[in-house]
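Each chain is listed here by its residues.
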Amino acid sequence: MKLSQYPLYVQSALFAVVLAIAGYLLITLLNPPLEPALMFALGLLLGGFCAPLLIRPASPDEIPTTTLYVGNLPYRANEASVRALFETFGQVLSVRLMKDKQTGKRRGFGFVEMPKDAAQAALQALNDSEFQQRTLKVREANERKEEDNEERQEPS
DNA sequence: ATTGAGCGT
């Protein structure tokens, strides 16, 4: 259980309390004209505002990840079977089988998110491979919106 | 329910 697992406001609150206690202790040691309670409150405020800047948001992109487009899937295939298939090549962070908004039926394609190296291995191995009587198409997904975990394209 | 190239709340 890491601290980064918790929501940012929890981290901020913790950070603020620590600052507040530190301010309280400091003010107690120095014994200045300021009220210890006031120093505690100032520490809370300062910590509350600074914590979001100092604490990095919970980072799901510690591992560089790649999203694969998987097409030509059988309509019967469920998320679990697709995940199991790709997990033979590494960790699977997410599987999204696209369904029709109205009917809820699967559209025959989806997206699998894996670590970069595992994704490449899965792409090479599973593209044009047979899966439940269908020949899969595995490509690198076209990022739809600017995602947080895309590699910087080096200017060549 | 059905279908068969496709790039997503």
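This text gives an overview of the structure that appears in the document. Keep in mind that what you see is a predicted model, and the values were worked out from it rather than measured.

How each quantity is defined
- Residues numbered from 1 in each chain as written.
- Chains lettered and ligands numbered in written order.
- Predicted model: local features only at pLDDT ≥ 70, side-chain atom pairs only at ≥ 80, totals over all residues.
- Heavy atoms only, no water.
- Near = heavy atom within 4 Å.
- Polar contact = N/O pair within 3.5 Å; in protein donor to acceptor, adjacent residues only side chain to side chain.
- Helix = DSSP H or I, 4+ residues; strand = E, 2+ residues; numbered from the N terminus.
- Core = buried A, V, L, I, M, F, W, Y, C linked by side-chain atoms within 4.5 Å.
- Buried < 20%, exposed > 50% of the residue type's maximum accessible area, 1.4 Å probe, protein only.
- Contact = heavy atoms within 4.5 Å.
- Pairing = 2+ DSSP bridges.
- Salt bridge = Lys/Arg side-chain N within 4 Å of Asp/Glu carboxyl O.
- Patch = residues over 30% accessible without salt bridge, like charges linked within 9 Å, V, L, I, M, F, W, Y side chains within 5 Å.
- Areas by Shrake-Rupley, 256 points an atom, 1.4 Å probe, with all protein chains shown as cover.

Concerning the protein's contact with DNA strand B
- Lining the immediate environment of DNA strand B, one finds 21 residues, of which Leu73, Lys105, Arg107, Phe111 and Asn142 sit closest.
- Counting only atoms of DNA strand B within 4 Å of the protein, the fraction found in sugar and phosphate groups is 12%.
- Within the side chain of Tyr75, a nitrogen or oxygen atom sits 3.3 Å from a base nitrogen of DNA strand B.
- The backbone of Glu140 places a nitrogen or oxygen atom 3.5 Å from a base nitrogen of DNA strand B.
- Taken together, the elements giving at least two residues each to the surface near DNA strand B come down to strand 1 (65-71), strand 2 (94-99), strand 3 (106-115) and strand 6 (137-140).
- A total of four residues in the surface near DNA strand B trace back to one element, the largest contributor, which is strand 3.

Topic: the nonpolar core
- Counting residues in each nonpolar core, the largest one holds 19 residues, and the members touching the most others are Leu68, Leu73, Val82, Phe86, Val112, Met114 and Val138.
- With five residues, the single largest contributor to this core is helix 4 (residues 116-126).
- Those residues within four positions of Leu68 in sequence are excluded, and the remaining contacts are Phe86, Gly110, Phe111, Val112, Met114, Ala119, Ala122, Leu123, Val138, Arg139, Glu140 and Ala141.

Quick notes on the pairing of strand 3
- Burial within strand 3 is extensive, with seven of its 10 residues counted as buried.
- Summarising the sheet, strand 1 and strand 3 pair through six bridges and their orientation is antiparallel. Looking at strand 3, one finds that Thr67 is bridged to Glu113.
- As paired elements, strand 2 and strand 3 share five bridges and run antiparallel to each other. Each bridged residue has a counterpart across the sheet, and for Val95 the counterpart in strand 3 is Val112.
- In this structure, the hairpin formed by strand 2 and strand 3 is closed by a connection of six residues, where Gly104 is found at a positive phi of approximately 80 degrees.

Section: the pattern of salt bridges
- Under the defined criterion, the tally for this structure stands at one salt bridge.
- Where Arg83 meets Glu87, a salt bridge forms, and the shortest distance between an N and an O atom there is 3.6 Å. With Arg83 and Glu87 both in helix 3 (residues 79-87), this residue pair falls four residues apart, about one helical turn.

A few points about a nonpolar patch on the surface
- Together, Val17, Ile21, Tyr24, Leu25, Phe40 and Leu44 make up an exposed nonpolar region whose accessible area comes to about 480 Å².
- Of all the secondary-structure elements, those providing two or more residues to the nonpolar patch are helix 1 (8-30) and helix 2 (36-54).
- Here the element with the most residues in the nonpolar patch is helix 1; it accounts for four residues.
- Mapping Leu25 onto the fold places it in helix 1.
- What makes Leu25 partly exposed here is its relative accessible area of 48%.

Distances and angles like these do not, on their own, reveal function.
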